[in-house]
Amino acid sequence: MSVRAIVLAAGKGTRMKSARPKVLHEICGRPMLWYVVASLRDAGINEIVVIANPEMHAHLEPFNVQTVIQEEQLGTGHAVQIALAALKHNTNGQILIAYGDMPLVDAMTYKSVLDPICHPEEHPQGASRRTALALITARMPLPSNFGRVIRRNGDGVERIVEVRDASVNELAVDEMNAGIYAYQENDLREAVAKLRNDNAQCEYYLTDTIAHLVDSGKYVAPVTAEDHRAVLGINDRVELAIARKQMNERLCAKYMLDGVTIIDPATTYLEPELQIGRDTVIYPNTSISRLSEIGEGSTIGPNTRLSNARIGDRSVIRESVITDCTLGNDVAVGPFAHLRGGAALADDVKIGNFVEIKGSKLAKGVKASHLSYLGDAEIGEESNIGAGTITCNYDGKKKNRTTIGKNVFIGSNSSLVAPITIGDNALTGAGSVVTKDVPPGERVAGNPAKPLPKK
Ligand code: UD1
Ligand code: MG
């Protein structure tokens, strides 16, 4: 079997009213087109051609697919003509056609439409005539904007009529064309050559290939999807929101079945390709994005945002925002902390409320429990950062580093004016403004901070 896929993604997407091409609009952190390509690959199809418009071209590199540009969008049939012109003719081949605006379609659906084409002997209705095409249909509530499937009396599909070209009787048909097709390549090439644009939208409709195939004595097999919601195409931002909700439900279900407790899937916003360990619990109003990884038995949320965060086992993150950071095991963060810019927290670190940490490295057991800014700092094991401590890392021109040793005690409301180094076991008194390096074991206080008498 030699199946290739063509994904139509060049449409103007006028109903989105957007500067961004429709299929690049995101649901759950990925462009719609990403899901289509992923499901096709899951269905075992490796050769995928995406039909794109000129503006999209620059954005398609990450998809790792062959792209063909459709300069002018003259309809779905025209897009397929262009794709076929770019593909070498394989007389024994099959071609699956999908639309890039259908991110909810899964690999099983793509496999089910290929079945009557690749294994016609198992599909008796078509046995008397050659099955040239199989397509997914679904029953859906009316009114609807989808193309309607007109059947021949109990004998396959006769034609598809677009809403704008449909009669009143045709609009009453509740079987819709999902927009997923598997063709014998020879039949497809023959039928698209016959397309004309004499319809309400003056477009070349791919859906007109059905009538052409039936007219030349071939069989078109309907494959009915169980739930129309699983094959919905997205044409405007209302449908985008509906699809996002559905995809999020699916993603939550997947992570839950892998052993993650999600208290309220409706307010937990997840993405594909996250790693979340068993027995981690996610509380409401939490989003986890950008390939974040969380270990086992951790607690995340409520009201938390993790983006490109790596978090170890048994850590607790409450009501906080963490972006581009790495946290170890048994770390506690929040409520109301903000960690960003490559901060790295080792095991057993405790970060409390209203603490911001940027680009800093905190060793095992460091505590900063209240109201601090730690930027461009390196802090040694078991040091305690008192309430209100600020690393003054910016001198108006550039950022400077603060280095704090092990077992250091930084008194409340200390200002550490960087660049500065505070040695192991040193201490700063409450309210110190520290402008000079403090040697190991030294105790300083005041503004500017001076050594205290030795005890
Ligand atoms: C299409 C079907 C309709 C079906 C529905 C399912 C046709 C004529 N109609 O209608 O029967 O019920 O999908 O979702 O096919 N595209 C191009 N180049 C073009 C035009 C479109 O690449 O010149 C792409 C679009 O980017 C989109 C896809 O083809 O991804 C479908 O186009 P769209 O305009 O959304 O068609 P529908 O009106 O939804
Ligand atoms: Mg559409």
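Just so you know, the residues in each chain are numbered from 1, in the order the chain's sequence is written. Going through the entries in the order they are written, you letter the chains from A and number the ligands from 1. Two thresholds apply to this predicted model, a pLDDT of at least 70 for residue-level local features and 80 or more for giving and counting side-chain atom pairs, whereas whole-chain, interface and lining totals are computed over all residues. With hydrogens and water excluded, all non-hydrogen atoms of the structure serve as input to the side-chain values.

**Student:** Help me get a handle on the nonpolar core, residues and values and all.
**Tutor:** Nonpolar side chains in soluble globular proteins tend to be buried together. The biggest cluster of nonpolar side chains holds 75 residues, and the ones touching the most others in it are L96 and I97. The contact rule is simple, with two residues in contact once any of their heavy atoms fall within 4.5 Å. Once you skip the residues sitting within four places of it in the chain, L96 turns out to touch V3, R4, A5, I6, L40, I45, Y110, V113, L114, Y181 and A182. Among buried residues, the Ala, Val, Leu, Ile, Met, Phe, Trp, Tyr and Cys ones that are joined through side-chain atoms within 4.5 Å form a nonpolar core. The rule is simple: take the accessible area with a 1.4 Å probe, protein chains only, and divide by the maximum for that residue type; under 20% is buried, over 50% is exposed, in between is partly exposed. Grouped together as the second largest cluster of nonpolar side chains are 56 residues, I262, I311, V331 and A337 included.

**Student:** Break down the site of ligand 1 for me, with residues and values.
**Tutor:** G11, Q70, Y99, E162 and N177 are the nearest of the 23 residues found near ligand 1. For the purposes of these results, a polar contact is taken to be a pair of N or O atoms within 3.5 Å, where, inside protein, one atom must be able to donate a hydrogen and its partner to accept one; residues adjacent in sequence count only when each atom of the pair is a side-chain atom. In this structure, an oxygen atom belonging to ligand 1 sits 3.5 Å away from a main-chain N or O atom of G100. Take E162: an N or O atom from its side chain is 2.7 Å from an oxygen atom of ligand 1. Under the convention used here, a 1.4 Å probe and the Shrake-Rupley method define accessible areas, while residue burial counts only the protein chains that appear. Computed on the free molecule, ligand 1 has an accessible area of 750 Å², of which 91% lies beneath the protein chains in the complex. Here a strand is any run of E in DSSP of at least two residues, a helix any run of H or I of at least four, and the numbering for each starts at the N terminus. Sorting the residues of the shell around ligand 1 by element identifies α2 (76–86) and β10 (175–184) as the ones contributing at least two each. A breakdown of the residues in the shell around ligand 1 according to their chemical character gives nine nonpolar, ten polar and four charged. If even one non-hydrogen atom of a residue comes within 4 Å of a molecule or strand, that residue is called near it. When residue character is reported, Ala, Val, Leu, Ile, Met, Phe, Trp, Tyr, Cys and Pro are called nonpolar, Asp, Glu, Lys and Arg charged, and the others, Gly included, polar.

**Student:** Any details on the environment of T207? Residues and values, ideally.
**Tutor:** Checked against the element boundaries, T207 lands in the loop between α5 (185–192) and α6 (209–215). Considering only alpha carbons, one finds T207 and G179, 28 residues apart in sequence, at a separation of 8.5 Å. Leave out the neighbours within four places in its chain, and T207 touches I160, E162, N177 and Y181. Within the structure, the side chain of T207 is placed 3.2 Å from the side chain of E162, a separation counted as a polar contact.

**Student:** An account of the pairing of β10 is needed here, citing residue identities and associated values.
**Tutor:** With ten of its ten residues buried, β10 lies for the most part within the structure. Strand pairing is assigned whenever DSSP detects at least two bridges linking the two strands. Bridge analysis of strand β7 (residues 131–139) against β10 gives six bridges, and the strand direction is antiparallel. Bridge pairing in β10 places T137 opposite N177.

**Student:** Account for the coordination of the magnesium ion (ligand 2), with residues named and values stated.
**Tutor:** Working reference: metal with six octahedral donors, ideal angles 90 or 180 degrees; metal with four tetrahedral donors, ideal angle 109.5 degrees. In this analysis a donor is any N, O or S atom within 2.8 Å of a metal ion (3.2 Å for sodium, potassium and calcium), and since water is not included, sites may seem incomplete. Coordination of the magnesium ion (ligand 2) by the protein is provided by D101 (OD) and N235 (OD1), with metal-donor distances spanning 2.3 to 2.4 Å. Here N235 lies in the loop between β11 (219–224) and α7 (237–257) and D101 lies in the loop between β6 (94–99) and α3 (107–118), a separation of 134 residues in the sequence.

**Student:** Break down the side chain of K218 for me, with residues and values.
**Tutor:** When you line up the elements, K218 lands in the loop between α6 and β11. For K218, a relative accessible area of 13% translates into the label buried. At 3.1 Å, the side chain of K218 and the side chain of D187 are in polar contact. Ignoring anything within four residues of it in the chain, the contact list for K218 reads R129, R130, A132, D187, E190 and L213.

**Student:** I'd like a rundown of the confidence of the model for the protein, residues and numbers included.
**Tutor:** Per-residue confidence from the predictor is given as pLDDT, running between 0 and 100. Of all residues in the protein, 99% attain a pLDDT of 70 or more, and the chain-wide mean is 96. The weakest mean pLDDT in the protein belongs to β11 at 95; the strongest belongs to strand β15 (residues 281–282) at 99.

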